[in-house]
Amino acid sequence: MSRTVYVNGAYLPEEDARISIFDRGFIFGDGIYEVSAVIGGKLVDCEAHLARLERSCGEIRLALPWSKAELVAIHEELIKRNNLDEGGIYLQVSRGAADRDFAFPTDATPTLVMFTQARNMSGAAAAKTGIKVVSCEDIRWTRRDIKSVNLLAPVLAKQFAAESGAQEAWMVEDGVVTEGASSTAWIVKGKTLVSRPLSNKVLPGITRKAVLAYLGETDFKFEERTFTLDEALDAEECFITSATSLVMPVVQIDGHTIHNGAPGPTAIRLREIYLDFAKKGGALG
Ligand SMILES: Cc1ncc(COP(=O)(O)O)c(C=O)c1O
């Protein structure tokens, strides 16, 4: 039997519930969720769940347009409409739908989705036998080599950049630059390009790979190593690469001018080469 679910103000049969493909929860994981238990048709610890929801939303600066009382009322309405005796209520709020851009949209309305899940918890057979666990490495989120849609951290970094009058954020960990929020970071020293080695710390940029493949066209060398922010501030040039920015000169970091504050010849040359290959339909093997 179909459940009644809640989507943005409407109670609907689950098969009629829709949200936009541009929803930032779907595109970026730019959202927060909570699950409250229901036992004997009654909400359990709902106030505490909603307090954590408010806190989580505050941490990512998602302004919740619903009061706690309104959210409790929706929970209760879902219990009633679904005749839920025991199980849970899943709540997800996202920053809403907007054309894909990391920084917060100015005109999006948060999306609120809630649904019930019936589950026998009080009589769970496992409570009599106990359960087994396995151990695994905690990889939250150390697998940046995976191009996951789990992009909340880059969203916050890009928003910080936008509010600082910048277009990109270079993320720093253990004293070295990892990468841009959505790009590979490079510095130039003399005729040498420097970018950090591939590992699970960074996304293996396709544009990075292409730039390296085209280096044969130039007399630039490549040094694959990490670099600090200080080294970047002191570099002759800095630039980023990505499928969106292609090769883009960086002229300022944290308010410090890089070299003379103008796009450097290396980035300009690499951009030209990249565009030449691209226009000829250049494709990496
Ligand atoms: C974290 C991160 N690093 C690097 C890149 C550059 O990758 P590519 O050159 O494949 O666009 C991206 C692109 O989105 C990215 O999100």
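This text follows the structure it describes.
It should be emphasised that the depicted structure is a prediction, and the values quoted were computed from it without experimental measurement.

Asks: Mind showing me how you'd approach the nonpolar core here?
Replies: A general tendency of soluble globular proteins is for nonpolar side chains to be buried together. Of all hydrophobic cores here, the largest spans 22 residues; its most connected members are Leu53, Leu71, Leu91, Val93, Leu112 and Met114. Listing elements by their share of this core, those giving two or more residues are β3 (31–39), α2 (46–59), α3 (68–81), β5 (87–94) and β6 (111–118). When residues no more than four places from it in sequence are discounted, the contact partners of Leu53 are Ile32, Glu34, Leu64, Leu71, Leu91 and Val93.

Asks: For this particular structure, what's the right way to read the sheet that holds strand β1 (residues 4–7)?
Replies: Two pairing modes exist for strands in a sheet, parallel and antiparallel, and in both the strands are linked by backbone hydrogen bonds. If you walk across this open sheet you meet the six strands as β2-β1-β6-β5-β3-β4, and the pairing is antiparallel. Among the strands making up the open sheet, the edge pair consists of β2 (10–13) and β4 (42–44). With direction set aside, neighbouring strand axes in the sheet form an average angle of 30 degrees. Two elements, β3 and β4, share three bridges in a ladder whose sense is antiparallel. Bridged to Ala37 within β4 is Val44. Seen against the sheet, α2 touches β3, β4 and β5 and runs at an angle of roughly 180 degrees to β3. Sheet strands touched by α3: β1, β2, β3, β4, β5 and β6. Its angle to β6, the strand with the most contacts, is close to 40 degrees.

Asks: How should I be thinking about empty space enclosed by the protein in this particular structure?
Replies: A water-sized probe, rolled over the atoms, reveals where empty space remains. Tallying each qualifying case throughout the model produces one cavity of 30 Å³ or more. Taken together, Thr178, Glu179, Thr184, Ala185, Ser195, Arg196, Leu198, Val202, Leu203, Gly205 and Arg208 make up the lining of the largest cavity. Looking at the lining of the largest cavity, the elements with two or more residues in it are β8 (176–180) and β9 (184–189). In terms of residue class, the lining of the largest cavity is built from four nonpolar, four polar and three charged.

Asks: Would you mind showing me how to read the site of the ligand here?
Replies: Around the ligand, a shell composed of 14 residues is seen, among which Lys147, Glu179, Ile206, Thr207 and Ala243 lie nearest. Within the side chain of Glu179, a nitrogen or oxygen atom sits 2.6 Å from a nitrogen atom of the ligand. Separating an oxygen atom of the ligand from a backbone N or O atom of Ala243 is a distance of 2.8 Å. Here the ligand loses 85% of its free accessible area of 390 Å² to cover by the protein chains. If you list the elements that add at least two residues to the shell around the ligand, you get β8, α6 (206–214) and β12 (237–242). Looking at the shell around the ligand residue by residue, the class counts come to four nonpolar, eight polar and two charged.

Asks: Could you clarify how one ought to interpret the sheet that holds strand β13 (residues 246–250) in this entry?
Replies: One open sheet holds the five strands; their spatial order is β11-β10-β9-β12-β13, and the pairing between them is mixed. One side of each edge strand has no neighbouring strand; the edge strands of this open sheet are β11 (221–224) and β13. The mean inter-strand angle of the sheet, taken between neighbouring strand axes irrespective of direction, is 30 degrees. Bridging between strand β10 (residues 192–195) and β11 involves four bridges; their strand directions are parallel. Counterpart to Ser195 in the pairing with β11 is Glu224. The strands touched by helix α8 (residues 265–279) within the sheet are β9, β10, β12 and β13, with β13 carrying the most contacts at an inclination of about 165 degrees.

Rules used in this analysis
- Residues numbered from 1 in each chain as written.
- Predicted model: local features only at pLDDT ≥ 70, side-chain atom pairs only at ≥ 80, totals over all residues.
- Heavy atoms only, no water.
- Core = buried A, V, L, I, M, F, W, Y, C linked by side-chain atoms within 4.5 Å.
- Buried < 20%, exposed > 50% of the residue type's maximum accessible area, 1.4 Å probe, protein only.
- Helix = DSSP H or I, 4+ residues; strand = E, 2+ residues; numbered from the N terminus.
- Contact = heavy atoms within 4.5 Å.
- Pairing = 2+ DSSP bridges.
- Axes fitted to C-alpha atoms, helices over the stretch in contact; angles between N-to-C directions.
- 1 Å grid on protein atoms, 1.4 Å probe; cavity = no way out; pocket = protein on both sides within 12 Å on 5 of 7 lines; lining within 4 Å.
- Points joined across faces, edges and corners; volume = space filled by probe spheres on them.
- Nonpolar A, V, L, I, M, F, W, Y, C, P; charged D, E, K, R; others polar.
- Near = heavy atom within 4 Å.
- Polar contact = N/O pair within 3.5 Å; in protein donor to acceptor, adjacent residues only side chain to side chain.
- Areas by Shrake-Rupley, 256 points an atom, 1.4 Å probe, with all protein chains shown as cover.

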